[in-house]
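Summary of the model geometry
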Amino acid sequence: MSIELAQLYDNLFDQSIGQISRGEIEIDRQIENDKDRRRGLTLLIRPHDDIKARVREFQEEMLDIDGQQYYQPVSDLHVTALSIISCYEGFDLSQVHVFDYEQIIFKSIEKIPKLRLQFKGITASRDAVMIQGFPVGEGLNILRNCLRNNFKSTDLQQSIDSRYKLATAHMTAVRFRKELCSPYKFGNLLRDYRTAEFGDMNVQSLELVYNDWYQTSNIIKTLHSFHL
């Protein structure tokens, strides 16, 4: 397990848990906006069913405390391998040649080591609760760096690392869309799950998707699945 990544998750949780427990959260106003047209292009990893089931158990405990938040449907759970085009208003598939993107990804996965992920514990920010993901070995980092280098050597539209350099392997489980009705109780539940086990998996495929901000299953379009 990466000490640096564990420290990153720890810092995020430590900075946020007190605020969450006091109800000092940041509400995402776009979740209920039917006119949100932000779209992008993402390479993602889907968790296995047993991991989804454990995440759902955690979500159900949070639901018992506060049913007003946005609980990511298990069908939408994912780890972002890399955001190739970050979501923005006005992006459409007609602007790119998907085949070119597929070829860069094929080239990038040719010689990468096996990918394995471990999901252990939760972390949180003022706007979301996340399942902590830890790459086992260097496979994910190697993949990301291959993708970065290969895309940046082309003139294809991309915005890799434009918001921040992706270093985590988390899954977002909850986004805050309303004020918390029982913030202290909610915060205590997060503390209870701080080191909970959610399972581990060998990554057997990657999905290139055209997506909205929340990776909503009835909006995203899977463009290609890459078997590893």
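Attention in this report is confined to the structure presented alongside it. (Residues numbered from 1 in each chain as written. Predicted model: local features only at pLDDT ≥ 70, side-chain atom pairs only at ≥ 80, totals over all residues. Heavy atoms only, no water.)

The helix and strand inventory of the protein chain stands at 5 helices and 9 strands. Each helix (α) and strand (β) of the protein chain, taken in turn from the N terminus, gives the series α-β-α-β-β-α-β-β-α-β-α-β-β-β. A globule of 228 residues ought to have a C-alpha radius of gyration of about 17 Å, and the protein chain, at 18 Å, matches this closely. Oriented by its inertia axes, the alpha-carbon framework of the protein chain measures out at about 50 × 40 × 30 Å. Every one of the 228 residues in the protein chain was classed for burial, and the buried ones make up 52%. For the protein chain, the centre of its 28 positive side-chain charges and the centre of its 32 negative side-chain charges are spaced 2 Å apart. (Helix = DSSP H or I, 4+ residues; strand = E, 2+ residues; numbered from the N terminus. Rg over C-alpha atoms; globule rule 2.2 N^0.38 Å. Buried < 20%, exposed > 50% of the residue type's maximum accessible area, 1.4 Å probe, protein only. Lys, Arg positive; Asp, Glu negative; His and termini not counted. Charge placed at Lys NZ, Arg CZ, Asp CG, Glu CD.)

Attention now moves to the packing of aromatic side chains. Counted by the stated rule, this structure contains 10 aromatic pairs. Arranged with centres 5.7 Å apart and planes meeting at 40°, the rings of tyrosine 101 and phenylalanine 151 form a pair that is tilted. Of this pair, tyrosine 101 sits in helix α3 (residues 98-109) while phenylalanine 151 sits in helix α4 (residues 139-152), and the two are 50 residues apart along the sequence. Overall, the relative accessible area of 1% leaves tyrosine 101 in the buried class. Residue class for phenylalanine 151 comes out buried when judged on its relative accessible area of 0%. Among the aromatic residues, ring-to-ring pairing joins Phe58, Tyr193 and Phe198 into one connected group. Arginine 38 extends its terminal NZ or CZ atom over the ring of tryptophan 213, reaching a point 4.5 Å from the ring centre. (Phe/Tyr/Trp six-rings, centres within 6.5 Å; stacked < 30°, edge-to-face > 60°. Lys NZ or Arg CZ within 6 Å of the ring centre and 35° of its normal.)

Sheet architecture is open: 5 strands sit in the order β2-β6-β5-β4-β7, paired in antiparallel fashion. In the strand order of this sheet, the two ends are held by β2 (70-71) and β7 (197-203), each with one partner. Summarising the sheet, β2 and strand β6 (residues 171-175) pair through 2 bridges and their orientation is antiparallel. Pairing of tyrosine 70 across the sheet is with arginine 175, part of β6. (Pairing = 2+ DSSP bridges.)

What follows concerns the packing of α3 against α4. α4 packs onto α3 with a crossing angle of 135° between their chain directions and a minimal axis gap of 9 Å. For the element pair α3 / α4, the angle class is oblique. Seen from above, α3 lies across α4 with right-handed handedness. In this structure, α3 uses Tyr101, Ile104, Ile105, Lys107, Ser108 and Ile109 to contact α4, whose residues at the interface are Leu143, Cys146, Leu147, Asn150 and Phe151. (Axes fitted to C-alpha atoms, helices over the stretch in contact; angles between N-to-C directions. Parallel < 35°, antiparallel > 145°, perpendicular 65-115°, else oblique. Left-handed = near helix turned anticlockwise from the far one by under 90°. Contact = heavy atoms within 4.5 Å.)

A surface patch of negative charge is lined by Glu57, Glu61, Asp64 and Asp192. The leading source of residues in the negative patch is helix α2 (residues 49-65), at 3 residues. With respect to the helices and strands, aspartate 192 occurs in helix α5 (residues 183-192). (Patch = residues over 30% accessible without salt bridge, like charges linked within 9 Å, V, L, I, M, F, W, Y side chains within 5 Å. Areas by Shrake-Rupley, 256 points an atom, 1.4 Å probe, with all protein chains shown as cover. Salt bridge = Lys/Arg side-chain N within 4 Å of Asp/Glu carboxyl O.)

We now examine the nonpolar core. Judged by nonpolar contacts, the single largest core of 60 residues is most densely connected at Phe186 and Leu190. Leaving out residues up to four positions away in the same chain, leucine 190 has contacts with Phe13, Ile17, Ile20, Phe58, Met62, Ile122, Ala124 and Val129. (Core = buried A, V, L, I, M, F, W, Y, C linked by side-chain atoms within 4.5 Å.)

The next point concerns the packing of α2 against α5. Viewed as axis vectors pointing N to C, α2 and α5 meet at an angle of 165°, and their least axial separation amounts to 9 Å. Considered as vectors, α2 and α5 are oriented roughly antiparallel to each other. Every pair of crossing elements has a handedness; the one defined by α2 and α5 is right-handed. Residues Phe58, Glu61, Met62 and Ile65 of α2 lie in contact with α5, whose contacting residues are Lys185, Phe186, Leu189 and Leu190.

Before going further, it helps to spend a moment on empty space enclosed by the protein. Under the definition given, this model contains 1 cavity of 30 Å³ or more. In this model, the largest cavity occupies a volume close to 30 Å³. Around the largest cavity, the lining residues are Leu115, Arg116, Leu117, Pro135, Val136, Gly137, Gly139, Leu140 and Val203. Contributing elements (two or more residues each) for the lining of the largest cavity: β4 (115-124) and α4. Among the elements that make up the lining of the largest cavity, the one with the highest residue count is β4 (3 residues). Class assignment of the residues belonging to the lining of the largest cavity gives a composition of 6 nonpolar, 2 polar and 1 charged. (1 Å grid on protein atoms, 1.4 Å probe; cavity = no way out; pocket = protein on both sides within 12 Å on 5 of 7 lines; lining within 4 Å. Points joined across faces, edges and corners; volume = space filled by probe spheres on them. Nonpolar A, V, L, I, M, F, W, Y, C, P; charged D, E, K, R; others polar.)

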